[in-house]
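Letter by letter, the chains look like this.
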Amino acid sequence: MKKVGLFFGSFNPIHIGHLILANYIIENTDMDELWFVVSPQNPFKDKKSLLKDHNRLDMVQLAVKNYPKLRASNVEFSLPIPSYTIDTLAYLHEKYPEYSFSLIMGEDNLKGLKKWKNAETLIKNYQIIVYPRIAIEGEKPAENVEHENISIVKAPIIELSATEIRKMIKEGKNVRPMLPPEVFEYLDGSNFYQ
């Protein structure tokens, strides 16, 4: 059975922090592949700074092309919005019955996991790989969400944010070191994030 990790995000844009993390997880777990699941535009969120779905998918495809175990996935593009993780997993399970899927999430998401749609089912039926995040001052640590399916990996903490990268691009600053070269080339010369 092929083991696939799912890393959900808007990837607006995908940056080297995402790649370092994904590569660390794929090299230090028993996963065969890791899929970057590009989340479509949430109709309830401000879309001013969010590039079109296909542009973000293009950037992820460019970023992972030299990583044989990493993939870009547009699976949520054809599912009802807003997309709930449990529904996406049900769809993937049906489409790829021979695959076993795990969720990859930051410690910050683990804190709110109990509020997710069908959270108990999610925790009971899927392995959840949690990577560390730097705690924001005054933030409460993750409530004790202990379960045999939840494992914390000691991945490197890369404090890079797509929000900060977009802000720098808008201000005409150099973001080349923060992006995979192919993604930098894709954005350079476009008016994206201006």
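Predicted model only: the values in this text are computed from it and were never measured.

Chemist: Any chance you could break down the side chain of E182 for me, citing the residues and the numbers?
Modeler: Structurally, E182 is set in helix α7 (residues 181–187). Every residue in contact with E182, bar those within four places of it in the chain, is listed here: L62, K65 and N66.

Chemist: A description of the nonpolar core should follow, citing residues and the corresponding values.
Modeler: In terms of nonpolar packing, the biggest core is built from 33 residues, with I14, L34 and F36 touching the most fellow members. Mapped by element, the contributors of at least two residues to this core are α1 (16–28), β2 (33–38), α2 (53–64), β5 (127–131), α6 (162–170) and α7. The residues touching L34, leaving out its near neighbours within four places in the chain, are G5, F7, A22, I25, I26, K69, L70, R71 and I104. F8, L89, L92 and F101 belong to the second-largest nonpolar core, a separate cluster that totals 21 residues.

Chemist: Can you break down the side chain of N149 residue by residue, with the values?
Modeler: Position of N149 relative to the elements: it lies in the loop between β5 and β6 (150–152). What makes N149 buried here is its relative accessible area of 18%. Engagement of the side chain of N149 in a polar contact is seen with the backbone oxygen of I123, the distance being 2.9 Å. In contact with N149, other than residues within four places in its own chain, are I123, K124, N125, Y126, Q127 and I128.

Chemist: Now, about α2: what can you tell me, with residues and values included?
Modeler: Compared with an ideal rise of 1.5 Å per residue, which puts 12 residues at 16 Å, α2 spans 17 Å between its outermost C-alpha atoms and is within 8% of the ideal. The set of residues buried in α2 consists of N55, R56, L57, M59, V60, A63 and V64. Check the buried side of α2 and you find it contacts α1, β2, β3 (70–73) and α7.

Definitions and limits used
Residues numbered from 1 in each chain as written. Predicted model: local features only at pLDDT ≥ 70, side-chain atom pairs only at ≥ 80, totals over all residues. Heavy atoms only, no water. Helix = DSSP H or I, 4+ residues; strand = E, 2+ residues; numbered from the N terminus. Contact = heavy atoms within 4.5 Å. Core = buried A, V, L, I, M, F, W, Y, C linked by side-chain atoms within 4.5 Å. Buried < 20%, exposed > 50% of the residue type's maximum accessible area, 1.4 Å probe, protein only. Polar contact = N/O pair within 3.5 Å; in protein donor to acceptor, adjacent residues only side chain to side chain. Expected span 1.5 Å × (residues − 1).

Purely geometric numbers; function is a separate question.
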